[in-house]
Every structure is written in C-alpha cells, then in structure tokens.
Amino acid sequence: MKHEYLIGDENMDQKNWNYNADVIIVGSGAAGYSAAITARSNGLEVLMIEKASLIGGTTGRSGGGFWIPNNRLQEEEGIVDSKDDAVRYMARLSFPQLYNPDDAHLGLPDREFELLSTYYDMGSKAIDFMEEQGALNIVPQFNWIGTLQVDYMDHLFENKDIRSYFLSPPEPL
Ligand SMILES: Cc1cc2nc3c(=O)[nH]c(=O)nc-3n(C[C@H](O)[C@H](O)[C@H](O)COP(=O)(O)OP(=O)(O)OC[C@H]3O[C@@H](n4cnc5c(N)ncnc54)[C@H](O)[C@@H]3O)c2cc1C
C-alpha cells in the first residue's frame, strides 16, 4: 500500500497540488481509516485529507477499547453471546427512555432497532476484516485488578457476558 504524507506544511494552501483518487476521505480518525482501508482493499485509490498537523484525530487520544458483541475471542473462549441479550443490553443503555422489554422491537423505532441488530450481526465481521487486512489486532481488555474487563453497566440483567476488548496498536502497514 502506498503512503505519501504531506503533513505540517504551513504553505500547503499556497501550493498548486493536484491528485486523482477514486475515494476522498476527510479526516484521519477511526472512521476515516476504516473507510480508507476498506476502499484500498477493494483496489481503489484513496486520498485522505487531514486538517490537523498530526494524523489520528480524537481516535489517537482515545483509550482504544471497543465493544463488539459476539466477537471472535468470545467464540474461542466458548462464550455464547446471544443476539437477544446483546440487543436488549444495547437498547436499554442507548435508549433508556424508550426501552420496553416486552415490545417486539424493545420500544425502539424500526431504524434504531435495525441499527442495533445490524451492529450485532456485522460488528464482529468488521473487526475480523480489519484483522485480515493487518490493520489491528484484538486482545481481551483486562482491568486494573487483573481480571477480564466487563462493561460499565455489568450489573444490568441484560449484560450476561463479558464483551469488552481492547484494540492493540496496529502494525505499520
Ligand atoms: C480521552 C478519550 C478517550 C476515549 N476512549 C475511548 C475508548 O476507549 N473507546 C471508544 O470507543 N471511544 C473512546 N473515545 C471516543 C472516541 O475516541 C471517538 O468517538 C472516536 O475516536 C471518533 O472517531 P472519528 O473517526 O469519528 O473522529 P476523529 O478520530 O476525531 O477523527 C476526525 C478527524 O477529522 C479531522 N477533520 C475534521 N474536520 C476536517 C476538515 N474539514 N478537513 C480535514 N480534516 C478534518 C479531524 O482533525 C480529525 O483528525 C475516547 C475519547 C476521548 C477524548
């Protein structure tokens, strides 16, 4: 993969530069890089534009932990993370004012319910894809007492299993 960085050039706006790309991505955080890596994996030329003098955005400052239901590491540990439990947990936390455990869509509008449902179905696949691309490695997140990290709301009935995992620093591409 070709990388060309033009960073920290204060005279950039006075330069007459000209690039061609199939996809232009504005911002170099997790969202931008996810889009860029996906586009490159499909053979497209990518131009990523970043306004800051450093790449990485807020993502570069973050703790790097991310929550993926029904992920590969859980599967390897024999943890069954059912869709019903995971979606209920997400619905209760994300939409507490709407949450209705007895409703077929848990009290959520169709789009919101589908979003959570899709997150369960596709989140793990997306992480697997990023690993296959060599963009990241996933390892379990441990907390400060040395046990596997659980969710912030681990006491809720809907939270049946450990789901949190840390993103380790990616290998340079
Ligand atoms: C201290 C801290 C810890 C966190 N820890 C976690 C965590 O452990 N887990 C978690 O899931 N989330 C965490 N978060 C939240 C998480 O970091 C953000 O939700 C996530 O990084 C957002 O990613 P993004 O790609 O959408 O945006 P960003 O990473 O902010 O990327 C946006 C990029 O776009 C650039 N940009 C904006 N406008 C333009 C423009 N006009 N032209 C060119 N470039 C532009 C910005 O400079 C920036 O680089 C944390 C946040 C903070 C502050």
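See the structure printed just above.
Numbers given for residues are sequential positions, taken from 1 along each chain in its written order. Per-residue local features are limited, in this predicted model, to residues with pLDDT of at least 70; the limit for side-chain atom pairs, both in listing and counting, is 80 or more; totals at the level of whole chains, interfaces and linings are taken over all residues.

Student: What is the right way to read unusual backbone geometry from this model?
Tutor: Negative phi characterises most residues that are not glycine, and trans characterises most peptide bonds. Even without a glycine there, the phi angle at Asn70 is positive, about 55°. Counting through the fold element by element, Asn70 comes out in the loop between strand S3 (65-67) and helix H2 (72-76). In the Ramachandran plot, Leu106 falls in the positive-phi region, its phi being about 60° despite a non-glycine side chain. Strands here are runs of E lasting at least two residues and helices are runs of H or I lasting at least four, both read from the DSSP assignment and numbered beginning at the N terminus. Locating Leu106 in the fold gives a position in the loop between helix H3 (83-94) and helix H4 (110-132). Burial is judged by counting the other C-beta atoms within 10 Å of a residue's own C-beta: 20 or more makes it buried, 12 or fewer makes it exposed, and any count in between marks it as partly exposed, with every C-beta position built from the backbone. In this structure Leu106 comes out as buried when scored by C-beta crowding, with 21 C-beta atoms within 10 Å.

Student: What is the right way to look at the site of the ligand in this model?
Tutor: Lining the immediate environment of the ligand, one finds 20 residues, of which Gly27, Gly29, Gly57, Ser62 and Gly63 sit closest. Put simply, the parts of the chain that give the shell around the ligand at least two residues each are helix H1 (30-41) and S3. Broken down by element, the shell around the ligand gets its largest block of residues, three residues, from H1. Note that Gly is not counted as nonpolar here; it falls among the polar residues with everything else outside the nonpolar set of Ala, Val, Leu, Ile, Met, Phe, Trp, Tyr, Cys and Pro and the charged set of Asp, Glu, Lys and Arg. Looking at the shell around the ligand residue by residue, the class counts come to six nonpolar, 11 polar and three charged. In this entry, near means the residue's backbone-placed C-beta atom lies within 6 Å of the molecule or strand.

Student: I keep staring at the packing of H3 against H4 and nothing clicks. Help me out?
Tutor: For any two helices packed against each other, the geometry is given by the interaxial angle and the distance between the axes. For the pair H3 and H4, the least separation of the axes is 10 Å and the interaxial angle reads 130°. In terms of their interaxial angle, H3 and H4 are classed as oblique. The interaxial crossing formed by H3 with H4 has right-handed handedness. Counted together, Lys83, Ala86, Val87, Met90 and Ala91 of H3 and Leu116, Ser117, Tyr119 and Tyr120 of H4 form the full contact between these two elements. For the contact of H3 with H4, the per-class residue count stands at seven nonpolar, one polar and one charged. For helices, the fitted line uses only the C-alpha atoms of the stretch in contact; every axis is such a line through C-alpha atoms, and the angle between N-to-C directions lies from 0 to 180 degrees. Each angle gets one of four labels, with under 35 degrees taken as roughly parallel, over 145 as roughly antiparallel, 65 to 115 as roughly perpendicular, and the rest as oblique. Note on convention: near helix rotated counterclockwise from far helix by under a right angle means a left-handed crossing. Clockwise means right-handed. Each residue gets a C-beta atom placed from its backbone, and two residues are in contact if those atoms lie within 7 Å.

Student: What is the right way to look at H1 in this model?
Tutor: Given 3.6 residues per turn, any residue in an α-helix points the same way as the ones three and four places further on. The end-to-end C-alpha distance of H1 is 16 Å, a good match for the 16 Å that 12 residues give at a rise of 1.5 Å each. Along H1, the residues classified as buried are Gly32, Tyr33, Ala36 and Ile37. Viewed end-on, H1 has its buried residues packed into an arc of 125°, placing them on one side of the element. Next to the buried residues of H1 lie strand S1 (23-26), strand S2 (46-49) and H4. With its phi angle positive at about 80°, Gly43 sits one or two positions after the end of H1. Given the number of residues in a helix, its expected span is that number minus one, multiplied by 1.5 Å. Directions pointing from the helix axis toward each C-beta atom define the arc.

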